[in-house]
Amino acid sequence: MSLRVDITKRYPSFNLEVAFEAHDEVVGLLGASGCGKSLTMRCIAGIETPDEGRIEVNGKVFFDSAAKINLSPQQRKTALLFQNYMLFPNLTVEENIGAGIPRNAPAAERAQIIARELKRFDVEPFAKRYPAHLSGGQQQRVALARMLAADPCILMLDEPFSALDSHLKSILEQNLSSLFDAFTGTIVYVSHDIDEALRFCDSIAVMEYGHITEHTKPRALIDRPQTMAGMKLSGVKNTSEVEVVGTHQVYCPQWGITLTTKGEVPPETKAVGFRAVYLQRVDNPNEKDQGPKDLVQRAEEAKENIFHVRADRVTESRFEAAIMLSSLDRPEDAQPLVEAGDQEMRFLHQRLSWRISTLHEGRESIPAVGDEFYIHIPAEHIYLVSR
């Protein structure tokens with residue numbers, strides 16, 4: 001089982017140019033809204049037509065501009081699950097499930113398939129109901145059952161959990177696992193949520209502005225992102241364009257700090273990133289005898305990447321706190337700091353993001369707005385990317 005895509009579709013203000021391959025696996029298309037994820041999926045399904053290129057599934061050519069091949073959606077026999085599930089409102093649950101089964105299938109075989117999928121997705125009690133009388137979660141299970149009943153050559157899911165609350169989402173993720181276990185072949189999973197992609201995908205293609213910037217294993221995207229888009233989509237809150245100023249140093253103009261890296265800085269380096277959870281509060285390095293010994297020792301061993309900062313915004317959620325920090329070590333010629341409430345995006349752009357787990361650190365570890373202290377950014381947790 002395989003999928004090969006190499007297509008171009010042009011718009012006045014946007015060009016989709018994607019090329020990737022997938023085999024018997026779940027491949028995730030991960031990117032922000034408007035980057036071309038869903039458009040790519042619709043091109044594979046035949047709902048949209050590329051300007052040029054080729055799409056091949058399991059050795060069958062769906063589209064080839066050079067050979068003038070463009071199969072209809074019905075001929076492609078794909079299964080595409082939209083965010084709103086697209087159930088037929090005038091059909092019962094069992095009729096919806098049977099809608100994708102070929103019309104010439106024997107009645108006994110049709111009934112057997114419908115019964116199997118009703119049971120698999122635990123919707124037998126609702127077989128005679130119409131979609132309007134189902135909850136969102138029940139509708140999704142029916143849509144998943146219909147996908148498998150159609151015996152498609154490829155499965156495609158377009159952000160299937162975007163309309164669900166967190167509790168229902170966690171339950172229905174198990175239904176999706178059942179779907180994946182029952183299907184042999186390529187599954188394309190569109191999402192903007194890195195945690196979803198990590199749970200379900202065997203590989204992830206990062207998309208930005210109509211292009212795939214990197215295609216890698218999920219863990220590699222977390223541990224070694226190769227692009228600015230990859231860093232952001234993998235959850236890196238601190239990213240900055242940089243100027244290379246030494247073999248182990250880069251200057252980050254938006255924060256006004258110079259970072260020392262563990263390895264040598266490639267001359268083509270364009271940006272850095274580091275996760276908010278890796279920042280560490282340390283005592284004033286000039287007052288080595290004060291504070292907990294382990295923190296002082298840690299700062300002493302590091303000898304670098306310790307910055308004097310101020311907490312400019314503090315927000316709490318259930319189990320963590322997010323703190324926006326401004327560097328008080330900014331050089332005199334650095335861009336002046338924008339204050340909160342002035343220009344929000346610029347305010348955020350100029351601050352470091354720090355996240356504290358209140359489960360592990362306790363609420364007493366949360367600084368107040370205006371507090372000044374020192375932060376250490378571990379060199380081993382700094383990512384360097386060239387694009």
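Now for a look at the structure at hand. Predicted model only: the values in this text are computed from it and were never measured. (Residues numbered from 1 in each chain as written. Predicted model: local features only at pLDDT ≥ 70, side-chain atom pairs only at ≥ 80, totals over all residues. Heavy atoms only, no water.)

**Let's talk about the sheet that holds strand 15 (residues 257–260)**
Within a sheet, each strand pairs with its neighbour through backbone hydrogen bonds, oriented either parallel or antiparallel.
Here's step 1: Taken in spatial order, the 3 strands of this open sheet run 13-14-15, and their pairing is antiparallel. Both edges of this open sheet fall to strand 13 (243–246) and strand 15, since each of them pairs with a single strand only. For this sheet, the mean inter-axis angle between neighbouring strands, taken without regard to orientation, is 35 degrees. (Pairing = 2+ DSSP bridges. Helix = DSSP H or I, 4+ residues; strand = E, 2+ residues; numbered from the N terminus. Axes fitted to C-alpha atoms, helices over the stretch in contact; angles between N-to-C directions.)

**Considerations on the side chain of E56**
Here's step 1: You can see E56 is positioned in strand 4 (residues 52–57).
Here's step 2: Side-chain polar atoms of E56 contact the side chain of R54, separated by 3.0 Å.
Here's step 3: Discounting residues that sit within four places of it in the chain, E56 has contacts with S2, L3, R4, V61 and F62. (Polar contact = N/O pair within 3.5 Å; in protein donor to acceptor, adjacent residues only side chain to side chain. Contact = heavy atoms within 4.5 Å.)

**Side note on the sheet that holds strand 21 (residues 372–376)**
Here's step 1: In space, the 5 strands of this open sheet follow the order 17-21-18-19-20, with antiparallel pairing throughout. Across the chains shown, the open sheet's two edge strands, defined by having one partner strand only, are strand 17 (280–282) and strand 20 (352–357). Between one strand axis and the next, the sheet turns by 50 degrees as a mean value, whatever way the strands run.

**Overview of helix 1 (residues 37–45)**
Here's step 1: Within helix 1, 7 of the 9 residues are buried, which leaves it mostly tucked inside the rest of the structure.
Here's step 2: Following helix 1 by one or two positions, G46 has its phi on the positive side, about 90 degrees. (Buried < 20%, exposed > 50% of the residue type's maximum accessible area, 1.4 Å probe, protein only.)

**Points about the packing of helix 4 (residues 107–120) against helix 5 (residues 136–149)**
Here's step 1: Running from N to C, helix 4 and helix 5 cross one another at 140 degrees; their axes reach a closest spacing of 9 Å. Our classification of the angle between helix 4 and helix 5 gives oblique. By crossing handedness, the relation of helix 4 to helix 5 is classed as right-handed. Contact residues: helix 4 offers I113, E117 and R120, while helix 5 offers A145, L148 and A149.
Here's step 2: Split by residue class, the contact of helix 4 with helix 5 holds 4 nonpolar, no polar and 2 charged. (Parallel < 35°, antiparallel > 145°, perpendicular 65-115°, else oblique. Left-handed = near helix turned anticlockwise from the far one by under 90°. Nonpolar A, V, L, I, M, F, W, Y, C, P; charged D, E, K, R; others polar.)

**Concerning the layout of surface pockets**
Here's step 1: In this structure, the largest pocket occupies an estimated 710 Å³ of space.
Here's step 2: Among the secondary structure elements, those contributing two or more residues to the lining of the largest pocket are helix 2 (73–76), strand 7 (78–81) and helix 5.
Here's step 3: Per-element accounting of the lining of the largest pocket gives the leading share, 4 residues, to strand 7.
Here's step 4: When its residues are assigned to classes, the lining of the largest pocket shows 14 nonpolar, 3 polar and 2 charged.
Here's step 5: Volume-wise, the second largest pocket comes out at about 540 Å³.
Here's step 6: Taken together, 20 residues form the lining of the second largest pocket, with K232, K237, T239, L348 and H349 sitting closest to its centre.
Here's step 7: Within the residue set of the lining of the second largest pocket, elements represented by two or more residues are helix 9 (228–233), strand 12 (238–241), strand 19 (320–327), helix 11 (344–349) and strand 20.
Here's step 8: If one sorts the elements of the lining of the second largest pocket by residue count, strand 12 sits on top with 4 residues. (1 Å grid on protein atoms, 1.4 Å probe; cavity = no way out; pocket = protein on both sides within 12 Å on 5 of 7 lines; lining within 4 Å. Points joined across faces, edges and corners; volume = space filled by probe spheres on them.)

Worth remembering: the numbers are spatial, not functional.
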